[in-house]
Amino acid sequence: MTSTADSGEETVVYDLDPDCTLEDVAEGNYYHATVNGVVDYGVFVDLSDSVSGLAHESNYEGSYEVGDDLVVELTEIRENGDLSFDPVELEEYETVEVGHDYDIADAGELGDEIGETVHLEGEVVQIKQTGGPTIFHVSDETGVIPCAAFEEAGVRAYPEVEIDDVIRVTGTVEERDNALQVEVDTLDVLTDGDADDVRERLEAAFEERAEPHDTEPLVEWPALTQMFPDLKEVAAQLRRTVLESRPIRVRHHADGDGMCASIPVQYALEQFIEDTHQDPEAKRHLFKRLPSKAPFYEMEDVTRDLNFALEDQARHGQKLPLLLMLDNGSTAEDVPAYQNLAHYDIPIVVVDHHHPDPDAVEPYVDAHVNPYLYDEDYRITTGMMCVELARMIWPPITEELRHVPAVAGLCDRSKADAMTDYVELAEDEGYEESTLRAIGEALDYEAHWLKYDAGRNLINDVLNVGSDDEQRHRELVSFLADTAESEVEDQLDAAMPHVEHERLDSEANLYRIDVENHAHRFTYPAPGKTTGEIHDRKVQETGEPVITIGYGPDFAVLRSDGVRLDIPEMVSELNEEIVGGGVSGGGHLVVGSIKFVPGMREEVLDALVEKMADAEIDEELQSTTVGHEQDD
Ligand code: MN
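Residues numbered from 1 in each chain as written. Predicted model: local features only at pLDDT ≥ 70, side-chain atom pairs only at ≥ 80, totals over all residues. Heavy atoms only, no water.

Visitor: Go over the pairing of strand β23 (residues 591-595), please, and point to the residues and values.
Guide: Within β23, four of the five residues are buried, leaving the element largely enclosed by the surrounding structure. Relative to β23, strand β21 (residues 555-561) runs antiparallel, the two being bridged by five bridges. Bridge pairing links V557 to S593 in β23. Counting the residues that bridge the hairpin from strand β22 (residues 584-587) to β23 gives three residues. (Buried < 20%, exposed > 50% of the residue type's maximum accessible area, 1.4 Å probe, protein only. Helix = DSSP H or I, 4+ residues; strand = E, 2+ residues; numbered from the N terminus. Pairing = 2+ DSSP bridges.)

Visitor: Just give me the short version of the packing of aromatic side chains, but keep the residues and values in it.
Guide: The relation between two aromatic rings is expressed through the spacing of the ring centres and the mutual angle of the planes. Going through the model one piece at a time under the given rule, you end up with eight aromatic pairs. Look at Y60 and Y64: their rings are 5.3 Å apart centre to centre, the planes differ by 70°, and that puts the pair in the edge-to-face class. Accessibility assignment for this pair places Y60 and Y64 in one class, buried. Ring plane angle 85° and centroid distance 6.3 Å describe the contact between Y445 and W449, whose orientation is recorded as edge-to-face. With Y445 and W449 both in helix α13 (residues 433-450), this residue pair falls four residues apart, about one helical turn. W449 sits in the partly exposed class, given a relative accessible area of 36%. Taken together through their ring pairs, the aromatic side chains of Y445, W449 and Y524 make up a single cluster. The ring of F272 is capped by R239, whose NZ or CZ atom sits 4.1 Å from the centre of that ring. Just above the ring of Y431 sits the side chain of R474; from NZ or CZ to the centre is 5.6 Å. (Phe/Tyr/Trp six-rings, centres within 6.5 Å; stacked < 30°, edge-to-face > 60°. Lys NZ or Arg CZ within 6 Å of the ring centre and 35° of its normal.)

Visitor: Before we move on, could you go through the domain arrangement of the chain and cite the residues and values that matter?
Guide: When the domains of the chain are assigned, the result is domain 1 (3-98), domain 2 (117-208), domain 3 (216-479) and domain 4 (499-621). Here domain 3 and domain 4 have C-alpha centroids that lie 28 Å from each other. The partner domain 4 presents 12 residues to the 12 residues of domain 3 that form the contact. Between domain 3 and domain 4, a total of about 1,100 Å² is buried, with carbon and sulfur atoms accounting for 51% of that surface. The three residues of domain 3 that bury the most area against domain 4 are H355, R413 and H448, which together make up 39% of that side's buried surface. In this assembly, domain 3 and domain 4 are joined by three salt bridges. Notably, a salt bridge pairs D444 with K529, separated by 3.3 Å at the nearest N-O pair. Counting the contacts that link domain 3 with domain 4 gives four residue pairs in polar contact (both at pLDDT 80 or more). Residue classes in the side of domain 3 that touches domain 4 are distributed as four nonpolar, four polar and four charged. (Domains from an automatic or database assignment. Contact = heavy atoms within 4.5 Å. Buried area = accessible area lost by both parts, 1.4 Å probe. Salt bridge = Lys/Arg side-chain N within 4 Å of Asp/Glu carboxyl O. Polar contact = N/O pair within 3.5 Å; in protein donor to acceptor, adjacent residues only side chain to side chain. Nonpolar A, V, L, I, M, F, W, Y, C, P; charged D, E, K, R; others polar.)

Visitor: For the confidence of the model for the chain, give the residues involved together with the corresponding values.
Guide: Overall, the predicted model of the chain reaches an average pLDDT of 92, with 96% of residues at or above 70. pLDDT under 50 marks residues 1-7. Its contacts with residues more than four places away, or in other chains, come to 13 contacts. Predicted confidence for residues 621-632 stays below pLDDT 50, and this span has 63 contacts to residues more than four positions away or in other chains. (pLDDT = per-residue confidence, 0-100.)

Visitor: Pulling in residues and values, what's your account of the state of the cysteines?
Guide: Taken as a whole and judged by the stated rule, the model has zero disulfides. Lacking any disulfide linkage, C386 is separated from the closest cysteine sulfur, that of C260, by 10 Å. Since its relative accessible area comes to 0%, C386 is described here as buried. (Disulfide = S-S within 2.5 Å.)

Visitor: Break down helix α12 (residues 418-428) for me, with residues and values.
Guide: Of all the positions in α12, only A418, M419, Y422, V423, L425 and A426 are classed as buried. Taken around the axis of α12, the buried residues stretch over an arc of 155°, which confines them to a single face. Buried-residue contacts for α12 involve α2 (222-225), α9 (382-393), α11 (404-411) and α13. Immediately downstream of α12, the backbone of G430 shows phi near 95°, a positive value. (Arc of directions from axis to C-beta.)

Visitor: So, the sheet that holds β21: which residues are in play, and what are the values?
Guide: Sheet architecture is open: six strands sit in the order β18-β19-β20-β21-β23-β22, paired in mixed fashion. Two strands in the sheet have a free side with no partner beyond their single neighbour: β18 (500-503) and β22. The mean inter-strand angle of the sheet, taken between neighbouring strand axes irrespective of direction, is 15°. Note: strand β19 (residues 509-514) against strand β20 (residues 546-551), six bridges, orientation parallel. Of the residues in β20, the one forming a bridge with D514 is Y551. (Axes fitted to C-alpha atoms, helices over the stretch in contact; angles between N-to-C directions.)

Visitor: Got a sec to walk through the layout of surface pockets? Specific residues and values, please.
Guide: The calculated volume of the second largest pocket comes to roughly 540 Å³. For the second largest pocket, the lining is made up of 24 residues, of which T130, I135, P146, R176 and Q181 are closest to its centre. Broken down by secondary-structure element, the contributors of at least two residues to the lining of the second largest pocket are β8 (117-129), β9 (134-139), β10 (144-149), β12 (179-189) and α5 (282-286). When residues in the lining of the second largest pocket are grouped by element, the largest group, five residues, is from β12. (1 Å grid on protein atoms, 1.4 Å probe; cavity = no way out; pocket = protein on both sides within 12 Å on 5 of 7 lines; lining within 4 Å. Points joined across faces, edges and corners; volume = space filled by probe spheres on them.)

Visitor: Hey, could you go over the packing of helix α4 (residues 256-276) against α11 for me, with residue numbers and the actual values?
Guide: Between α4 and α11, whose axes approach to 7 Å, the crossing angle comes to 155°. Compared by their axis directions, α4 and α11 come out roughly antiparallel. Handedness of the crossing formed by α4 with α11: left-handed. Residue-level contacts link G256, D257, C260 and P264 of α4 to V404, V407, A408 and C411 of α11. For the contact of α4 with α11, the residue count by class is six nonpolar, one polar and one charged. (Parallel < 35°, antiparallel > 145°, perpendicular 65-115°, else oblique. Left-handed = near helix turned anticlockwise from the far one by under 90°.)

Visitor: Describe the pairing of strand β16 (residues 348-351), listing the residues and the values that go with them.
Guide: The side chains of a regular strand alternate, residue by residue, between the two faces of the sheet. The alternating pattern of β16 places I348 and V350 on one face and V349 and V351 on the opposite face, and all of these are buried. Taken together, strand β15 (residues 322-326), helix α7 (residues 335-341) and β16 form a β-α-β motif whose crossover is right-handed. Pairing geometry for β16 and strand β17 (residues 367-369), over three bridges, is parallel. Each bridged residue has a counterpart across the sheet, and for V350 the counterpart in β17 is H368. (Right-handed = clockwise from strand over helix to strand, strands pointing away.)

Visitor: Any details on a nonpolar patch on the surface? Residues and values, ideally.
Guide: A cluster of nonpolar side chains, contributed by V39, Y41 and F44, occupies part of the molecular surface with about 230 Å² of accessible area. As for its position among the elements, Y41 is in the loop between β2 (30-39) and β3 (42-46). On the accessibility criterion, Y41 (40% relative accessible area) is partly exposed. (Patch = residues over 30% accessible without salt bridge, like charges linked within 9 Å, V, L, I, M, F, W, Y side chains within 5 Å. Areas by Shrake-Rupley, 256 points an atom, 1.4 Å probe, with all protein chains shown as cover.)

Visitor: Pulling in residues and values, what's your account of empty space enclosed by the protein?
Guide: Under the definition given, this model contains five cavities of 30 Å³ or more. Taken as a whole, the largest cavity spans an internal volume of roughly 120 Å³. Where the lining of the largest cavity is concerned, the elements lending two or more residues are β13 (248-253), α5, β14 (287-292) and α6 (299-316). Take the lining of the largest cavity: its biggest share by element is four residues, from α6. Here the lining of the largest cavity is composed, by residue class, of seven nonpolar, two polar and five charged.

Have a look at this one:
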């Protein structure tokens, strides 16, 4: 601020806002001041809350009392920040109000400000009480920075501040453990117009920064590219969620395709979190991925997720999460879990390729992307969709993802024409088709043993995404795939002699196996995969339409090739027709699983076989087996 009281023009006297600082004053200017102390050698005057100084008695006549208003000239600003004033008597002057001219810093660009005092304005997105200071995570247009305020060890500082409040922080930028944070000097909650201004600025910036990238599809495939606008909206919502520091919780099907879907999305989001959050812990807090054993969101899983989310909210001051369902989540079986979440502010986004029930699901979800909604089918696997989704979120990871759609397609036995292109794309990166299959087998094998764990780094190494040792990846995959194969051999050696065959009226072959009594339990492969392997052998052997049922005391796994089944439809019919059967289940049209009460097994299986016998033979004898089943 510069100004002089030139003769001829009207003299200006500045009136400082209480929050004005030394930055707002200049030598030679006139200011309104108030006496706050009288001493022998002069009076102390205040210009604002933090700007004050001395008027020496040699520079004025008369006397002042505390509380007197006067006009002073700022005669000197010393090196140490002390100010000297002369009281002045002015006949005529103009008063000019001075607001504090904050130079608001950018939370995302404090790297050059270490040791400096800065002002920040933003929204509180997390409040964490540590054993020492209270950490307010403040989000502005450029990033999120932790701001540490200390009241007393373990005591909540600024208890009036709540999540979503807009605040102004003044503090010192510090580096701790290679991460930046601001040590808070003052913190004020902004209200009314001030808060609205900041919110408007943030809103505009978030909207712009959430905008996903325009990417070219990895392969020319109109069936998939028609889904790009919807995938892009999901990408925008996920980026937006990160910017708002709302955690993302992924639940994905615990199989090869489910991992090919979730690992790239995790990798992309972690890069984006790192780019937007100063706190190195943010990646861990803001993203969690867990597998679902069942091909739907079980009550047990949702209860656990909700419980953790509420604990994180209470203990770590986090927002409630967004739920992202991958390779899972499109069916009516997911609805009870969604209804459970609906009691809380937890948005749900679904990307899946299981046969969907949009009428049941869509009242509960924010977004639902599924190839069936575009008259396509399971052949567009979730891994294929999610590699494109991940690239929209964070394109630089593209190089590491080129082989993933092929693995996803092979895992789910996609018969899409685009598979040729995907496999070629992977071959260009040095992956033989046999290697891609081995990766799929290895993923399946690890998913089995990981059970309810995500296997964060292990799965990255198996899939070779975000992993740093190519050699180890290859050796690991080959070991796991070989081991899995030999365990499947052992299982089938025991099971094959017990497979029963009958020819249905439709001429289709029906094979049945009691996987409870004629296969090893609690080992690899589980009943679903055991049934699938038997099925594949019979398809090869006969070259004819084949249906395979692997059953246990209260469940059956279904596979079919060359027969037009509609398993979800059969399940709902069985549930109506067999009173006291307790039939439930579903999956894909031709691959699925059903559950029933043990005492009604014979009735349910007989009725099931009858329905299968009625099913039409598929002219093209198209193999439509997909690796989706309840694997328990
Ligand atoms: Mn899948």
